[in-house]
Amino acid sequence: MEKIQTILTKYVSDAFLSAGYDKRYGIVRLSDRPDLCEFQCNGALAAAKQYHKAPFLIAEDVLKHASENAGDIFTAEVVRPGFLNLNITDTFLADYVSRIGEDEFLSIPQVGEPGKIMIDYGGPNVAKPLHVGHLRSAVIGESIKRICRAVGNEVLGDVHLGDWGLQMGLIITELRERKPDLIYFSDDAPEGEEGYPEEAPFTIGELEEIYPFASARSKVDADYKTLAMQATHDLQAGKPGYRALWKKIMEISVADLKKNYERLSVSFDLWKGESDVQPYIEPMVREMKEKGYAHYDDGALVIDVSEPEDKKAIPPCMVLKSDGASLYNTTDLATIVERMKLFDPEEIIYVVDKRQSLYFTQVFRAARKAKLVKPETKLVHVGFGTMNGKDGKPFKTREGGVMRLESLLNEINAGMIEKIRENRNVRDEDASETAEMVSLSAIKYGDLSNQAAKDYIFDVEKFTAFEGNTGPYILYTIVRIKSILKKAAEAGIAVEEAGLNPPGSAEEKALMLDLAGFGGVVWESYCELAPHKICAYIYEVCNDFNRFYHETKILTEADEDRRSGYLRLLALTEKILLKSIDLLGFTAPDHM
Ligand code: ARG
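Let me sum up the structure you'll find in this document.

Analysis parameters
Residues numbered from 1 in each chain as written. Predicted model: local features only at pLDDT ≥ 70, side-chain atom pairs only at ≥ 80, totals over all residues. Heavy atoms only, no water. Phe/Tyr/Trp six-rings, centres within 6.5 Å; stacked < 30°, edge-to-face > 60°. Helix = DSSP H or I, 4+ residues; strand = E, 2+ residues; numbered from the N terminus. Lys NZ or Arg CZ within 6 Å of the ring centre and 35° of its normal. Salt bridge = Lys/Arg side-chain N within 4 Å of Asp/Glu carboxyl O. Buried < 20%, exposed > 50% of the residue type's maximum accessible area, 1.4 Å probe, protein only. 1 Å grid on protein atoms, 1.4 Å probe; cavity = no way out; pocket = protein on both sides within 12 Å on 5 of 7 lines; lining within 4 Å. Points joined across faces, edges and corners; volume = space filled by probe spheres on them. Nonpolar A, V, L, I, M, F, W, Y, C, P; charged D, E, K, R; others polar. Pairing = 2+ DSSP bridges. Axes fitted to C-alpha atoms, helices over the stretch in contact; angles between N-to-C directions. Contact = heavy atoms within 4.5 Å. Near = heavy atom within 4 Å. Polar contact = N/O pair within 3.5 Å; in protein donor to acceptor, adjacent residues only side chain to side chain. Areas by Shrake-Rupley, 256 points an atom, 1.4 Å probe, with all protein chains shown as cover. Expected span 1.5 Å × (residues − 1). Arc of directions from axis to C-beta. Parallel < 35°, antiparallel > 145°, perpendicular 65-115°, else oblique. Left-handed = near helix turned anticlockwise from the far one by under 90°.

### Side note on the packing of aromatic side chains
Ring pairs (aromatic) are described by centroid distance and by the angle formed between their planes.
Part 1 of the reasoning: Scanning the model with the defined rule gives 28 aromatic pairs in all.
Part 2 of the reasoning: Each ring, one from Tyr25 and one from Tyr51, has its centre 6.4 Å from the other, and the planes form 70°; the classification is edge-to-face. With Tyr25 in the loop between α1 (4–18) and β1 (28–30) and Tyr51 in helix α2 (residues 43–51), this residue pair connects regions lying 26 residues apart in the sequence.
Part 3 of the reasoning: Plain terms: the ring middles of Tyr121 and Phe268 are 4.5 Å apart, the flat faces sit at 40° to each other, and that makes the pair tilted. Highlighted residues: Tyr121 in the loop between β5 (116–120) and α5 (132–150) and Phe268 in the loop between α9 (240–263) and α10 (278–290), separated in sequence by 147 residues.
Part 4 of the reasoning: Of the aromatic side chains, those joined through ring pairs into one cluster are Tyr328, Tyr350, Tyr359, Phe360 and Phe364.
Part 5 of the reasoning: The residue whose ring lies beneath Lys239 is Tyr242, and the NZ or CZ to ring-centre distance is 4.6 Å.
Part 6 of the reasoning: Over the face of the ring belonging to Trp271 we find Lys258, whose NZ or CZ atom lies 4.9 Å from the ring centre.

Here it is as structure tokens:
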């Protein structure tokens, strides 16, 4: 479906042409001054330079021709110094919005040629509990994935597990200290997969206790740290017992991660991790050396990535440390190699903390320089800001520790159940399920309504309020619409067949104009990878809907045609809101 601006642009461009001017001046856009008009064209101001003529006179010429062919679509007027202000007619608006409901994509523009996009988000570390630092990546990444899909791309989300490196060596070392008799540590540990017990020698709870313990100990006990480094090395060299143990750690940890992500309505197409790309490192490094992309500097293998235009110096990207060990960078580069080989995406989007922005600049440039990607492959870092507590410092537990994501969810949920129970509309047995949905909307909307790059304050009280710019307010509005439509259905009033009527009030018109803008908003949020634009949009829709609702008798409207027109408008508003929250990654209950 074409945007209204596009339709108007055609008419106004033709008017420029018939008035004797270049048609490229006829671009129409949303008005900067919605109080004065709905759309505007500033082309006469630009044309004035080319034609050495007052913009006002050009606009008047165009207006004459526009009025002839605008038909029933819009009315226009000229405003000094040379703006063309346009308002669409009520019949055109009603017709246009009706067509949105019939469009299979609900007016969301589709990319001409579907691109393959990979999104790297989540980034949890195995054997460490998810903490709030991972929340933003999951929430923003999931939404960006859904938005990229909605415009017709083929999208793969990859969780990119942190499942390699010293953290694994630490866990293995600590386990060996505690349970030295396990078969994994025995000198004659079986070579293959067979011969190890089915059951893991730890629970997820133990695992999560072991890692921080081992990590802390390694910082004060040098011998212990040496052991952990040796264990890491042995694991990476393929020591059978350690490989088998590592598999168990992965199994337990990934199952727990999946459970947590599921609760957040976050899902990944790929559960790949840093460990998967280790085989790519050796050949990649060899080629980098052979082709002269990388060189040794002070013992370390590096790729120079500075560019003459750089305002700030960009340090070289290190590929191997001076002891020959690979590092975070190496793994990310090898992951690019693997992704290109297995999936050949046109674009890879990384949803990672913005404090890693210099790091990604280095990695992306190194990848290009070493020709790991095609020249046209897009590598994008969507860097997000920090989630702070009310004190403006990174979000912590009351005791000042790192807040586990699970605890945060439980805490918010407990408060929400209380709120919901107070409400007579929800049956007791539905309260906890409803509370989960509403809590999730609070968390996700609270996060996504901020521009991703900005730090924001995670204010539980504010985010869970049923009024204001919050997820629960959006859901509340949807539930209100659902309940009116349900009442209508119960009263046997058919909604489906009725068309939209031209708006009968300013409130109804404002709502229709909002709905008319839906496709454009989704497109913009796709181009800018900016879910916050969808949040701002639905907040506006909900406000305008509620205004309309307060001004209008819907079910008690005596005129049947009018009433079914209202209901159809409600049904479409619901559809657009539901699609929007789906793009943000949450759903609405039937009651709340
Ligand atoms: N595992 C890392 C962390 O917890 C995040 C990984 C981000 N993704 C990437 N491709 N580097 O900090």
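### A closer look at the pattern of salt bridges
Part 1 of the reasoning: What the rule picks out here adds up to 48 salt bridges.
Part 2 of the reasoning: With its nearest N and O atoms 3.0 Å apart, the salt bridge here joins Glu38 to Lys509. Taken as a pair, Glu38 in the loop between β1 and β2 (39–41) and Lys509 in helix α17 (residues 506–516) lie far apart in primary sequence, 471 residues in all.
Part 3 of the reasoning: Here Arg427 and Glu429 are joined by a salt bridge, their closest N and O atoms 4.0 Å apart.
Part 4 of the reasoning: We classify Glu429 as exposed; its relative accessible area is 58%.
Part 5 of the reasoning: Each of Glu142, Lys145, Arg146 and Asp582 takes part in one network of salt bridges that share partners.

### Focus: the layout of surface pockets
Part 1 of the reasoning: Considering only enclosed or pocket space, the second largest pocket measures out at about 860 Å³ in volume.
Part 2 of the reasoning: Lining of the second largest pocket is provided by 32 residues; of these, Leu30, Leu513, Asp514, Gly517 and Val521 occupy positions nearest its centre.
Part 3 of the reasoning: Put simply, the parts of the chain that give the lining of the second largest pocket at least two residues each are α1, α17, α18 (518–527) and α19 (532–551).
Part 4 of the reasoning: Along the lines of polarity and charge, the residues of the lining of the second largest pocket split into 16 nonpolar, seven polar and nine charged.

### Quick notes on the sheet that holds β2
Part 1 of the reasoning: Ordered by their spatial adjacency, four strands build an open sheet running β1-β2-β4-β3, and the pairing between neighbours is antiparallel. Of all the strands in the sheet, just β1 and β3 (74–79) have a single pairing partner and so form its edges. Strand-to-strand, the axes of this sheet are offset by a mean angle of 30°, without reference to chain direction.
Part 2 of the reasoning: Pairing between β1 and β2: three bridges, direction antiparallel. Directly across from Leu30, in β2, lies its bridge partner Phe39.
Part 3 of the reasoning: Across the sheet, helix α3 (residues 55–69) is in contact with β3 and β4 (83–88); its angle to β3 comes to roughly 165°.

### Overview of the site of the ligand
Part 1 of the reasoning: Near the ligand you find Asp120, Gly123, Asn125, His134, His160, Tyr328, Asp332, Tyr350, Val352 and Phe360, and these make up its full shell.
Part 2 of the reasoning: At 2.9 Å, a backbone N or O of Gly123 approaches a nitrogen atom of the ligand.
Part 3 of the reasoning: Between Asn125 and the ligand, the recorded distance is 2.9 Å, taken from a side-chain N or O atom to a nitrogen atom.
Part 4 of the reasoning: Coverage of the ligand by the protein amounts to 83% of the 350 Å² it exposes when considered alone.
Part 5 of the reasoning: Residue composition of the shell around the ligand, by class: four nonpolar, four polar and two charged.

### Re the sheet that holds strand β8 (residues 300–303)
Part 1 of the reasoning: Read from one edge to the other, the open sheet built from three strands follows the order β7-β8-β9, with strand pairing classed as antiparallel. Of all strands in the sheet, those bounded by a partner on one side alone are β7 (295–297) and β9 (317–320). Adjacent strand axes in the sheet meet at a mean angle of 50°, parallel and antiparallel pairs treated alike.
Part 2 of the reasoning: Both β8 and β9 contribute to a ladder of three bridges, which runs antiparallel. Of the residues in β9, the one forming a bridge with Val302 is Met318.

### Digging into empty space enclosed by the protein
Part 1 of the reasoning: Summed over the entire model, instances satisfying the criterion amount to two cavities of 30 Å³ or more.
Part 2 of the reasoning: In this structure, the largest cavity spans a volume of roughly 60 Å³.
Part 3 of the reasoning: Around the largest cavity, the lining residues are Arg263, Leu409, Asn413, Glu436, Ser439, Leu440 and Ile443.
Part 4 of the reasoning: For the lining of the largest cavity, the secondary structure elements donating two or more residues are α13 (405–422) and α14 (431–448).
Part 5 of the reasoning: For the lining of the largest cavity, the leading source of residues is α14, giving four residues.
Part 6 of the reasoning: Residue classes in the lining of the largest cavity are distributed as three nonpolar, two polar and two charged.
Part 7 of the reasoning: Space inside the second largest cavity adds up to approximately 30 Å³.

### A short note on helix α8 (residues 222–237)
Part 1 of the reasoning: Given a rise of 1.5 Å per residue, 16 residues ought to cover 22 Å, and the 22 Å separating the end C-alpha atoms of α8 matches this to within 8%.
Part 2 of the reasoning: Every buried residue of α8 is listed here: Tyr224, Ala228, Ala231, Thr232, Asp234 and Leu235. Down the axis of α8, the sector holding all buried residues measures 165°, keeping them to one side. Within α8, the exposed residues directed more than 90 degrees away from the buried face are Ala222, Asp223, Thr226, His233 and Ala237.
Part 3 of the reasoning: On its buried face, α8 is in contact with α6 (166–178), α7 (204–220) and α9.
Part 4 of the reasoning: Between the side-chain oxygen of the N-cap and the backbone nitrogen of Asp223 there are 3.2 Å, and the N-cap of α8 in question is Asp221.

### Thoughts on the packing of α2 against α3
Part 1 of the reasoning: Orientation of α2 relative to α3, taken along the N-to-C sense of each, is 110°, at an axis distance of 8 Å. Viewed along their axes, α2 and α3 adopt a mutual orientation that is roughly perpendicular. Viewed along their axes, α2 and α3 form a crossing whose handedness is right-handed. Only Pro55, Ile58 and Ala59 of α3 make contact with α2, whose side of the interface consists of Ala44, Leu45, Ala47, Ala48 and Tyr51.
Part 2 of the reasoning: Looking at the contact of α2 with α3 residue by residue, the classes come out as eight nonpolar, no polar and no charged.

### Re the side chain of Gln40
Part 1 of the reasoning: Along the chain, Gln40 falls in strand β2.
Part 2 of the reasoning: What Gln40 contacts, discounting residues up to four positions off in sequence, is Ile27, Val28, Arg29, Leu30, Ser31, Asp32, Arg33, Leu84 and Asn85.

### Some words on unusual backbone geometry
Part 1 of the reasoning: Looking along the chain, the bond that leaves Arg80 and enters Pro81 is cis, with omega of 5°.
Part 2 of the reasoning: Mapped onto the elements, Pro81 comes out in the loop between β3 and β4.
Part 3 of the reasoning: In this structure, Ala127 takes a positive phi of about 70° despite not being glycine.
Part 4 of the reasoning: Mapped onto the fold, Ala127 is located in the loop between β5 and α5.

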